[in-house]
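# Observations on the three-dimensional arrangement
So you can see what is in the structure, the chains are spelled out below.
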Amino acid sequence: MAEPRSPVSVAQNPSGVSLTETPVVEMDPVEYTLRKRLPRKLPKRRNDVYVNMKTDFKAQLSRCQKLLDSSTGPREICIHGLGLAINRAINIALQLQASSQGALQLAANTSTVELVDDLEPEDPDEAGEPLTRTRNNSAIHIKVFYPDPQ
């Protein structure tokens, strides 16, 4: 029969000598629901495109192409991707460059964005109050532009 667990676990090497004693961490019985807040966005300009994973890739690509092709529009756009959408932002920029046969140039900058999550207790009757947690996530900002004619 298995022995009941003690609050301290002891690691041993093959010779049976105790190496370290580490306390077992007990979790609070109150369960929390994770609510992710929206990230802080850069100022929204007409030529900014925020890429996400929910919108169709072709729709995002055609939106970028329309912005670049419009005669009254800007000669550059800035594509922003956060977290999982970084790969998609890079793919969109490379597709735009390939479809222009090298006429477009790219300038990429990376950054780290601080995100805030809310932890709300599952049962509002329990004695737990909402908590906040901050975490960091990677971001990319790609400037896609036509170079100035020399």
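Residues numbered from 1 in each chain as written. Predicted model: local features only at pLDDT ≥ 70, side-chain atom pairs only at ≥ 80, totals over all residues. Heavy atoms only, no water.

The protein is annotated in an unreviewed UniProt entry as Ribonuclease P protein subunit p20 from Denticeps clupeoides. Regarding the protein, the relevant UniProt record gives this comment under Sequence similarities (unreviewed entry): "Belongs to the histone-like Alba family." (UniProt positions renumbered as here; feature names shortened; annotations may be inferred.)

## Section: unusual backbone geometry
The backbone of Gln101 sits at a positive phi, close to 55°, despite the residue not being glycine. Following the sequence through the fold, Gln101 ends up in the loop between α2 (86-99) and β6 (105-121). (Helix = DSSP H or I, 4+ residues; strand = E, 2+ residues; numbered from the N terminus.)

## Side note on the packing of aromatic side chains
Across all of its chains, the model carries zero aromatic pairs by this definition. The aromatic ring of Phe145 is capped on one face by Lys143, whose charged end is 5.0 Å from the ring centroid. (Phe/Tyr/Trp six-rings, centres within 6.5 Å; stacked < 30°, edge-to-face > 60°. Lys NZ or Arg CZ within 6 Å of the ring centre and 35° of its normal.)

## Topic: the sheet that holds strand β4 (residues 48-51)
Taken together, five strands build an open sheet; the order of strands is β3-β6-β7-β5-β4 and the sheet is mixed. Edge positions in the sheet fall to β3 (32-36) and β4, since each of these pairs with one other strand and no more. Sheet twist, expressed as the mean angle between neighbouring strand axes with direction ignored, is 25°. With seven bridges joining them, strand β5 (residues 76-82) and strand β7 (residues 131-145) adopt antiparallel strand pairing. Its bridge partner lying in β7, Glu76 is registered against Phe145. (Pairing = 2+ DSSP bridges. Axes fitted to C-alpha atoms, helices over the stretch in contact; angles between N-to-C directions.)

## So, a nonpolar patch on the surface
Together, Ile90, Leu94 and Leu106 make up a nonpolar patch on the protein surface, roughly 210 Å² of accessible area in all. Tracing the sequence through the fold places Leu106 in strand β6. Exposure remark for Leu106: the relative accessible area of 31% places this residue in the partly exposed category. (Patch = residues over 30% accessible without salt bridge, like charges linked within 9 Å, V, L, I, M, F, W, Y side chains within 5 Å. Areas by Shrake-Rupley, 256 points an atom, 1.4 Å probe, with all protein chains shown as cover. Salt bridge = Lys/Arg side-chain N within 4 Å of Asp/Glu carboxyl O. Buried < 20%, exposed > 50% of the residue type's maximum accessible area, 1.4 Å probe, protein only.)

## Here's the deal with α2
With 14 residues, α2 extends 20 Å from end C-alpha to end C-alpha; this agrees with the ideal 20 Å at 1.5 Å per step. Among the residues of α2, Ile86, Arg88, Ala89, Ile92, Ala93 and Leu96 are the ones counted as buried. Against the buried residues of α2 lie β4, α1 (57-69), β5, β6 and β7. Two residues or fewer past α2, Gln101 is found with a positive phi of approximately 55°. (Expected span 1.5 Å × (residues − 1). Contact = heavy atoms within 4.5 Å.)

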